[in-house]
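Residue-level listing of the chains:
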Amino acid sequence: MSRFVDRVVIHVAAGNGGNGCASVHREKFKPLGGPDGGNGGRGGDVVLVVDSNVHTLLDFHYRPNAHATNGRQGQGSNRDGATGVDLELRVPDGTVVTDTDGNVLADLTGDGTRLVAAQGGRGGLGNAALASKARRAPGFALLGEPGEERDLVLELKSVADVGLLGFPSAGKSSLIAVLSAARPKIADYPFTTLVPNLGVITAGETVFTMADVPGLIPGASQGKGLGLDFLRHIERCAVLVHVLDCATEEPGRDPVSDLEALEEELARYTPSLGGNLADRPRIVVLNKIDVFEARELADMVRPDLEERGLRVFPVSTATREGLRELTFALGTIVAEYRAAQPVPEATRLVLRPTAVDDSGFTVTPNPAEPGAFVVRGDRPERWVLQTDFNNDEAVGYLADRLARLGVEDKLAALGAEPGASVTIGGLTFDWEPSTPAGVTTAMTGRGTDRRLERNDRVPAKERKAASRLRRGIDVEDTTG
């Protein structure tokens, strides 16, 4: 038997961008024909798409991890790497997406609605795209950016017009069964319904959907019984229907006390989508009047309920008495509710240009280490991820970019001393203000940078170890 799942936690990972290629064009009589390394391909996105044919989150329960494909690396002869394929995840209409902190990211309603859950990493530039007057034949390329990874909570809130509320075995499933083509499980014991049932009903020219909530009991809004897990399915309803059992033989129960208990649980429940369930229109259904004692009880309590401003409909799902009046009354309320809703505006793009005095980064003292600084900003952090620190020329290019951005000037203005620890993203290094970063210097060869040479007489292995130390890498783990 299939399971109904309406809340899952998934891990989505977009594809990584492909690395750029460092290549030099070679042919007969032209051994150095210039850089021709292509760019890396963009990583694939993870996209949530509303599909009207999907009604449960069961697939995500068994497969909670979703990974898009990576972009391919660039190649020589100016061949760019292939773009990663986007991964589309089909979700039911009415799915609410939140992060693990409970912040609502999107409310996905309407067939075809899309949400990029994880952005694919951009591909790195090849050396052909990095060539300039000062660096005619770059001996390096940029690395691809890693794809975005995040944990998301998917919560299904059924898109139903009418929500049925009632104690276990009050007859909610039977009511849906006789009014629609739905065939829920029906039995004479409590908590027969373990998942919400959805039915489509026609009343004249109005077609609406009806959902029932598995039997509520006192304390359901606080997590008792099954109610807390399924109350979310009535948040979108236009009208709430209290189905009251007039033939119950349980001691201490009657239609009025059942109604008061249900209303108390609704008042305590706080919808995550905002609003207040107490503001929704109410209808009371006095069920099982085919039983003689139940009909007498219904006639007795009906005046009291109507004095509270509630519309009351005595019905019998067994003989179908009173169902036609109930159906058209619900259709009228749903039609009025739909007509009162504002017309949705066309989707508009909102552009927020960056302020003219926004440098795109910040430099602040590191509170955890006196004399140290932390650089934050999208561009410097992205540049660090794109840099191959095994290539001195690539490191020098990073220093040039940071200098042009103004990072070094900002560090000097804040009083940074030579050798100060500076952190950018996941990289920590010792600041060397004497390095003429940003100044055009003669290139010494592909993959090298004269500014990073500490001492030509130091063996190459020791120079590499010192370079790793400056980048905060454990030398013992990397050199063996």
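No experiment lies behind these values; they were computed from the predicted model shown. (Residues numbered from 1 in each chain as written. Predicted model: local features only at pLDDT ≥ 70, side-chain atom pairs only at ≥ 80, totals over all residues. Heavy atoms only, no water.)

### Overview of helix α5 (residues 255-268)
Along its 14 residues, α5 runs 20 Å from first to last C-alpha, staying within 8% of the 20 Å computed at 1.5 Å per residue. For α5, the complete set of buried residues consists of Pro255, Val256, Asp258, Leu259, Ala261, Leu262, Glu265 and Leu266. The inward-facing, buried residues of α5 contact β9 (162-165), β12 (239-245), β13 (282-287) and α6 (292-307). (Helix = DSSP H or I, 4+ residues; strand = E, 2+ residues; numbered from the N terminus. Expected span 1.5 Å × (residues − 1). Buried < 20%, exposed > 50% of the residue type's maximum accessible area, 1.4 Å probe, protein only. Contact = heavy atoms within 4.5 Å.)

### Concerning the UniProt feature "binding site: Mg(2+)" (unreviewed entry) in the protein
Sequence positions flagged by UniProt for "binding site: Mg(2+)" (unreviewed entry) are, in local numbering, Ser173 and Thr193. Assignment of secondary structure puts serine 173 in helix α3 (residues 172-179). (UniProt positions renumbered as here; feature names shortened; annotations may be inferred.)

### Points about unusual backbone geometry
Unusually for a residue other than glycine, asparagine 78 sits at a positive phi of about 60°. Note that asparagine 78 resides in the loop between β3 (65-67) and β4 (87-91). With a phi close to 70°, lysine 288 is a non-glycine residue in the positive phi region. Among the structural elements, lysine 288 can be located in the loop between β13 and α6.

### Structural notes on the pattern of salt bridges
For the structure on display, the rule yields 19 salt bridges. One salt bridge in this structure joins glutamate 393 and arginine 135, with 3.6 Å as the shortest N-O distance. Taken together, the residues span a long stretch of sequence, with glutamate 393 in helix α9 (residues 392-405) and arginine 135 in the loop between α2 (127-130) and β8 (149-156) at a distance of 258 residues. Considered together, glutamate 393 and arginine 135 belong to a single accessibility category, that of buried residues. Between arginine 308 and aspartate 304 there is a salt bridge, with its nearest N and O atoms 3.9 Å apart. Through salt bridges with shared partners, one network takes in Arg122, Glu145, Asp378 and Arg382. (Salt bridge = Lys/Arg side-chain N within 4 Å of Asp/Glu carboxyl O.)

### Quick word on the packing of aromatic side chains
Tallied over the entire structure, the rule returns one aromatic pair. Where phenylalanine 140 meets tyrosine 397, the ring centres are 5.2 Å apart and the plane angle is 50°; that geometry is what we call tilted. With phenylalanine 140 in the loop between α2 and β8 and tyrosine 397 in helix α9, this residue pair connects regions lying 257 residues apart in the sequence. Grouping residues by exposure puts phenylalanine 140 and tyrosine 397 together as buried. (Phe/Tyr/Trp six-rings, centres within 6.5 Å; stacked < 30°, edge-to-face > 60°.)

### Overview of the side chain of aspartate 51
Following the sequence through the fold, aspartate 51 ends up in the loop between β2 (46-50) and α1 (58-62). In this structure aspartate 51 is buried but unpaired, with arginine 90 as the nearest side chain of opposite charge at 4.5 Å. Looking at aspartate 51, its side chain comes within polar contact range of the main-chain nitrogen of asparagine 53, at 2.9 Å. Leaving out residues up to four positions away in the same chain, aspartate 51 has contacts with Arg90, Val91, Pro92, Asp93 and Asp111. (Lys, Arg positive; Asp, Glu negative; His and termini not counted. Polar contact = N/O pair within 3.5 Å; in protein donor to acceptor, adjacent residues only side chain to side chain.)

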